[in-house]
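# Coordinate inspection notes
In case you want the letters, here they are:
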There are 12 protein chains.
Amino acid sequence: MSMDHTYKVVELVGSSSEGLQQAIENAVNRAGQTLRGLDWFEVKEIRGNIQEGNIAWYQVKVGIGFRVLDPADLHRE
Amino acid sequence: MSMDHTYKVVELVGSSSEGLQQAIENAVNRAGQTLRGLDWFEVKEIRGNIQEGNIAWYQVKVGIGFRVLDPADLHRE
Amino acid sequence: MSMDHTYKVVELVGSSSEGLQQAIENAVNRAGQTLRGLDWFEVKEIRGNIQEGNIAWYQVKVGIGFRVLDPADLHRE
Amino acid sequence: MSMDHTYKVVELVGSSSEGLQQAIENAVNRAGQTLRGLDWFEVKEIRGNIQEGNIAWYQVKVGIGFRVLDPADLHRE
Amino acid sequence: MSMDHTYKVVELVGSSSEGLQQAIENAVNRAGQTLRGLDWFEVKEIRGNIQEGNIAWYQVKVGIGFRVLDPADLHRE
Amino acid sequence: MSMDHTYKVVELVGSSSEGLQQAIENAVNRAGQTLRGLDWFEVKEIRGNIQEGNIAWYQVKVGIGFRVLDPADLHRE
Amino acid sequence: MSMDHTYKVVELVGSSSEGLQQAIENAVNRAGQTLRGLDWFEVKEIRGNIQEGNIAWYQVKVGIGFRVLDPADLHRE
Amino acid sequence: MSMDHTYKVVELVGSSSEGLQQAIENAVNRAGQTLRGLDWFEVKEIRGNIQEGNIAWYQVKVGIGFRVLDPADLHRE
Amino acid sequence: MSMDHTYKVVELVGSSSEGLQQAIENAVNRAGQTLRGLDWFEVKEIRGNIQEGNIAWYQVKVGIGFRVLDPADLHRE
Amino acid sequence: MSMDHTYKVVELVGSSSEGLQQAIENAVNRAGQTLRGLDWFEVKEIRGNIQEGNIAWYQVKVGIGFRVLDPADLHRE
Amino acid sequence: MSMDHTYKVVELVGSSSEGLQQAIENAVNRAGQTLRGLDWFEVKEIRGNIQEGNIAWYQVKVGIGFRVLDPADLHRE
Amino acid sequence: MSMDHTYKVVELVGSSSEGLQQAIENAVNRAGQTLRGLDWFEVKEIRGNIQEGNIAWYQVKVGIGFRVLDPADLHRE
């Protein structure tokens with residue numbers, strides 16, 4: 001039965017020179033390359049890098065939750 | 001006299017599949033459909049839902065302040 | 001279409017002399033008596049009242065989110 | 001029986017040109033005009049507006065808790 | 001010598017339809033299936049899901065600390 | 001007259017192998033053995049100890065407020 | 001030599017029907033009745049009690065620091 | 001056009017032997033002696049100094065926001 | 001040698017009627033008009049102003065860090 | 001049986017002109033002069049005093065937990 | 001191209017009987033034994049263990065960020 | 001008269017390859033090169049940079065308070 005799921009939360013920092021939202025999506029997409037069962041994200045910190053007086057990189061710390069489908073998943077990400 | 005206004009703050013979560021800013025605007029616009037005197041908003045939490053490894057919904061918790069114009073407004077929103 | 005839902009979050013304090021979990025459930029059940037579309041809750045504060053050296057009441061502050069189905073719902077709870 | 005009360009917390013911002021305490025009291029008094037069973041308040045934020053280099057308005061965000069006496073109260077404030 | 005241990009903290013969300021404490025224990029037990037040296041836990045967030053006006057699932061975010069016994073353990077969980 | 005009471009808050013950590021709620025109650029009961037006028041508690045932190053992959057002890061940090069009835073009470077707890 | 005002092009911080013809740021500032025001062029004055037070497041205070045929480053729709057009591061949680069002059073002082077307050 | 005203003009926030013600690021509100025006003029007034037365009041303040045911390053068992057000084061940390069009217073203003077305060 | 005740099009952090013609020021990201025960039029660009037050595041930013045608060053039921057201005061509080069190249073820089077921004 | 005221990009946490013501020021770590025140790029050592037069963041500490045705040053442009057004192061607020069061995073211990077520290 | 005990096009943050013607790021800084025360095029060094037691309041750390045919590053009235057172990061919780069160089073790195077640490 | 005002082009707080013990030021405490025002192029010393037009346041500091045954030053698996057720089061964000069002796073001081077730091 002699917003009751004009583006366990007989820008794991010990993011913390012990634014996505015970066016993008018395009019913008020805030022792209023940085024979030026880069027983090028989520030990167031996680032999706034190797035993890036199954038991604039379920040939600042939560043933004044924890046929005047920062048960035050400035051070069052020559054302009055924003056060079058948005059850097060967004062994101063918690064990403066995914067369902068632990070079997071014990072082997074605990075070793076992932 | 002209009003001095004000493006009172007404001008009420010309601011907490012809404014706007015969602016959007018388009019992006020972070022649209023989710024904020026959806027929350028504010030929804031509030032504007034039934035409340036008069038909306039004055040300011042403050043973002044409290046940025047989360048979202050992931051499906052098939054991509055962000056399906058941005059969900060942004062927003063506090064929205066509006067002026068209480070008469071006692072009946074206290075029953076609104 | 002059902003996309004781009006808006007949710008409202010209300011803050012209730014449930015109390016119970018039986019225990020912590022019952023206080024949470026009392027708050028949720030009370031909300032469910034008059035609100036449709038309850039979706040999630042989040043515990044914000046756990047306190048209680050002591051009488052004669054024993055816990056008399058657990059008091060738990062709970063944020064309860066529900067879907068705003070139509071503008072009239074904004075006037076509810 | 002009166003056990004297991006439920007309380008609702010609403011968030012108001014009271015303002016006053018006279019001072020900090022008056023802003024709190026304005027918020028509580030406004031709530032008292034339409035709500036029964038007010039029980040406690042908690043100060044969440046103290047801000048204000050400056051004009052011509054002087055404080056024009058104190059603005060205090062206050063959570064106000066009141067007892068939900070019957071389901072209809074859930075629609076109030 | 002056993003001095004100067006290093007611990008790793010992983011973040012899991014346990015869920016349970018039975019209750020708050022069972023959700024915590026589900027998270028810890030799941031971690032115990034694949035990790036050695038579990039040492040402590042800390043509750044970070046208590047939330048849950050509501051269906052038909054009743055709590056369907058408690059969801060508790062738990063940080064779980066375990067001793068890193070050898071470098072290979074850094075790849076676990 | 002009984003107006004303008006002063007309360008003192010002490011911080012205890014109750015522990016229990018049985019569960020979260022029992023840990024809170026152990027802290028409150030212990031305080032009640034030597035202090036008069038206990039009035040309220042507030043949960044500040046929920047942690048615990050894991051042994052052999054199972055929760056061995058719940059450890060809950062609790063602030064406990066009691067009325068200071070006379071100056072000598074300031075020396076208590 | 002007076003270098004390397006140690007201070008202890010106790011947490012009191014002062015109350016007053018007159019106002020916020022009086023509640024702070026009541027807490028400090030009460031501490032001063034039995035403790036030597038009071039040095040500073042910090043306001044941690046401003047709450048209060050409402051009766052008949054008016055503020056009946058301001059309740060302010062205050063941390064009060066005092067110098068530990070000799071080991072016996074550690075038993076005080 | 002006056003759209004897209006930028007504001008700067010400075011952090012001052014006002015002190016007063018008279019009281020909490022006077023300490024806030026002292027900070028704002030001091031800022032107003034050299035800065036144009038003061039717009040709002042926000043209280044960040046309320047502390048104070050105790051001498052001979054009585055409050056000698058209220059010390060309130062206040063963030064003060066002012067409009068940056070031209071680049072030279074960035075050098076102010 | 002370039003070791004042991006010191007940075008200063010200033011707090012600006014950028015505003016924009018276009019959106020959240022533009023408000024951040026306005027703040028950073030304004031800082032760049034008069035300060036050398038801008039290095040990073042961190043978003044601290046996202047708020048905004050509502051007029052006629054629509055968002056009129058995004059207002060984002062941003063901490064901006066820049067390298068202090070020589071003592072005279074301490075007087076800047 | 002030794003199960004279900006209760007701990008008390010006291011808050012001390014240790015100071016030292018030598019450094020941060022010495023200030024922590026001074027607080028713990030002072031507590032150890034009159035309290036039995038000290039078990040853990042947690043750093044809550046790192047501040048200090050500056051004189052003539054140099055750090056004169058590190059002041060570190062430390063929570064110190066000790067086991068309550070018998071009711072009389074509740075009167076200690 | 002090296003743009004748009006993703007970073008992962010792991011949480012370790014380093015311990016040391018020598019001191020606070022050594023505990024931080026132990027955590028970072030341990031991470032460096034199995035992870036490539038370590039980039040930054042941030043201290044989240046400073047605690048420790050007391051034995052016989054003296055500090056036996058400093059325990060510092062540290063978030064450590066490292067660049068995710070290829071998908072396989074997501075399985076590391 | 002010296003009553004009712006106003007203080008200004010500036011935020012600096014000191015860095016050091018030697019250690020945590022040296023980074024704090026570098027920030028304070030740098031401030032002391034151009035500011036009179038430095039009075040206290042408070043540590044807000046401890047981070048650092050890692051290179052080749054070792055800590056290269058400690059970076060500590062420090063709030064530094066100094067007395068505003070005359071209006072011109074408001075333009076300093």
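Within any chain, residue numbers begin from 1 and follow the written order of that chain's sequence. Going through the entries in the order they are written, you letter the chains from A and number the ligands from 1. Only residues with pLDDT of at least 70 are given local features in this predicted model, and only at 80 or more are side-chain atom pairs given and counted; all residues enter the totals for whole chains, interfaces and linings. Hydrogens and water are ignored here; the side-chain numbers use all heavy atoms of the structure.

## Quick notes on the overall build of chain A
Counted only if it meets this: Each helix is a run of H or I in the DSSP string that is no shorter than four residues. Each strand is a run of E no shorter than two, and both are numbered from the N terminus. Remark: exposure states derive from per-residue accessible area (1.4 Å probe, protein chains only) relative to the maximum for the residue type, with buried under 20%, exposed over 50%, and partly exposed in between. Whether two residues are in contact is decided by their heavy atoms, any of which lying within 4.5 Å being enough. Here the open area of atoms and residues is found with the Shrake-Rupley method and a 1.4 Å probe, where only the protein chains shown may cover a residue.
Along the backbone of chain A there are one helix and three strands. Put simply, chain A runs from its N terminus to its C terminus through helices and strands in the order β-α-β-β. With 77 residues in all, chain A has 62% of them scored as buried. In chain A, once contacts between residues fewer than 6 apart in sequence are set aside, the share between residues at least 24 apart is 62%. Carbon together with sulfur atoms contributes 40% to the accessible area of chain A, which is approximately 2,800 Å² in total.

## Focus: the pairing of strand β1 (residues 6-16) of chain I
What counts here: Being paired, for any two strands, means DSSP has found at least two bridges between them.
With 11 of 11 residues buried, β1(I) is to be regarded as a mostly interior element. Burial along β1(I) is two-sided: T6(I), K8(I), V10(I), L12(I), G14(I) and S16(I) facing one way and Y7(I), V9(I), E11(I), V13(I) and S15(I) facing the other are all buried. As paired elements, strand β1 (residues 6-16) of chain H and β1(I) share four bridges and run antiparallel to each other. Residue T6(H) lies in a different strand from β1(I), and its bridge partner there is G14(I). Across 10 bridges, the pairing between β1(I) and strand β3 (residues 54-67) of chain I is antiparallel. What sits directly across from V13(I), in β3(I), is K61(I).

## Examining the relation of the copies chain F and chain G
Both copies of the chain are tied together by a single rotation about an axis and a shift running along it. We count it as follows: When the copies are superposed, the least-squares fit draws on C-alpha atoms of residues that have pLDDT of at least 70 in both.
Taken as rigid bodies, chain F and chain G are interconverted by a rotation of 120° and an axial shift of 0.0 Å, the fit giving an RMSD of 0.0 Å. The two molecules are tied by a three-fold rotation axis, judged by turn and shift. With a heterologous cut-off of 20% or less, the 6% of interface residues of chain F that recur at the interface of chain G puts this contact in the heterologous class.

## Regarding the pattern of salt bridges
Applicable threshold: The rule for a salt bridge is simple: a side-chain nitrogen of Lys or Arg has to be within 4 Å of a carboxyl oxygen of Asp or Glu.
Scanning the entire structure with this criterion turns up 41 salt bridges over all chains. With a closest N to O distance of 4.0 Å, K61(B) and E11(B) form a salt bridge. On the criterion of sequence distance, the pair formed by K61(B) in strand β3 (residues 54-67) and E11(B) in strand β1 (residues 6-16) is long-range, its members being 50 residues apart. Taken individually, K61(B) and E11(B) each receive the classification buried, so the pair is uniform in this respect. Overlapping salt bridges bring together E42(A), R47(B), E11(E), K44(E) and K61(E) as one network.

## Considerations on the pairing of strand β2 (residues 38-51) of chain L
Examined bridge by bridge, strand β2 (residues 38-51) of chain J and β2(L) share three bridges and lie antiparallel to one another. Residue pairing in the sheet places G48(J) in a bridge with F41(L) of β2(L). Sheet topology note: the β2(L)/strand β3 (residues 54-67) of chain L ladder contains 12 bridges and is antiparallel. The residue bridging G48(L) from the neighbouring strand is Y58(L), located in β3(L). Linking β2(L) back to β3(L) in an antiparallel pair, the connection comprises two residues, with E52(L) at a positive phi of about 55°.

## Concerning the side chain of T6(E)
Take T6(E): it is sitting in strand β1 (residues 6-16). Owing to a relative accessible area of 4%, T6(E) belongs among the buried residues under this scheme. With residues near it in sequence (within four places) discarded, T6(E) still touches F66(E), R67(E), V68(E), L12(K), V13(K), N26(K) and R30(K).

## Digging into the interface of chain F and chain G
Here is the rule we go by: Buried area is understood as the total, over both parts, of accessible area removed when two parts are fitted together, assessed with a 1.4 Å probe. Each polar contact in these results corresponds to two N or O atoms within 3.5 Å; when the atoms are within protein, one needs to be able to donate a hydrogen and the other to accept it, and residues that are neighboring in sequence are counted only if both atoms are side-chain atoms.
Between chain F and chain G, the contact holds 16 residues from the first and 19 residues from the second. When chain F packs against chain G, the two sides together hide about 1,500 Å² of surface, and 49% of this comes from carbon and sulfur. In this structure, the connection of chain F to chain G is made through one salt bridge. One salt bridge in this structure joins K61(G) and E42(F), with 2.9 Å as the shortest N-O distance. Run the count over chain F and chain G and you get five residue pairs in polar contact (both at pLDDT 80 or more). Counting only elements with at least two residues in the side of chain F that touches chain G, the list comes to β1 (6-16) and β2 (38-51) of chain F. Counting residues per element, the side of chain F that touches chain G draws most heavily on β1(F), which supplies four residues.

## Structural notes on unusual backbone geometry
Residues and elements named next belong to chain K. Positive phi outside glycine occurs at E52, with the angle close to 55°. You can see E52 is positioned in the loop between β2 (38-51) and β3 (54-67). Given a relative accessible area of 78%, E52 falls into the exposed group.

## Notes on the environment of K61(K)
Judged by its relative accessible area of 6%, K61(K) falls in the buried class. In contact with K61(K), not counting residues within four places along its chain, are V9(E), E42(E), E11(K), L12(K), V13(K), E42(K), V43(K), K44(K) and E45(K).

## So, the environment of Q51(J)
Residue and element names in this part refer to chain J. Mapping Q51 onto the fold places it in strand β2. Residue Q51 is classed as partly exposed on the basis of its relative accessible area of 45%. Setting aside its immediate chain neighbours within four residues, Q51 contacts A56 and W57. Among the polar contacts listed, one links the side chain of Q51 to the side chain of N49, at a separation of 3.0 Å.

## Re the confidence of the model for chain A
Using the following cut-off: For every residue, the pLDDT score states the predictor's confidence, bounded by 0 at the bottom and 100 at the top.
Per-residue pLDDT for chain A averages 90, and the proportion of residues at 70 or more is 86%. Averaged pLDDT values over the elements of chain A bottom out at 96 in helix α1 (residues 20-34) of chain A and peak at 98 in strand β2 (residues 38-51) of chain A.

## A closer look at the packing of aromatic side chains
Basically, it comes down to this: Each Phe, Tyr or Trp ring (for Trp, its six-membered ring) is paired with any other whose centre lies within 6.5 Å, and the angle between the two planes then decides the class: stacked below 30 degrees, edge-to-face above 60, tilted in between.
The full count for this structure, using the stated rule, is 24 aromatic pairs over all chains. Arranged with centres 5.7 Å apart and planes meeting at 65°, the rings of Y7(D) and W40(D) form a pair that is edge-to-face. Within this pair, whereas Y7(D) is found in strand β1 (residues 6-16), its partner W40(D) is found in strand β2 (residues 38-51), the two being separated by 33 residues in sequence. Per residue, the accessibility class of Y7(D) equals that of W40(D), and both read buried. Ring centres of Y58(D) and F41(H) lie 5.7 Å apart, and the angle between their planes is 80°; on these two criteria the pair is classed as edge-to-face.

## Some points on the environment of K61(C)
Sequence separation between K61(C) and E45(C) is 16 residues, and the spatial gap between their C-alpha atoms is 5.0 Å. Aside from chain neighbours lying at most four places away, what touches K61(C) is E11(C), L12(C), V13(C), E42(C), V43(C), K44(C), E45(C), V9(D) and E42(D). Only 2.9 Å separates the side chain of K61(C) from the side chain of E42(D), close enough to count as a polar contact.

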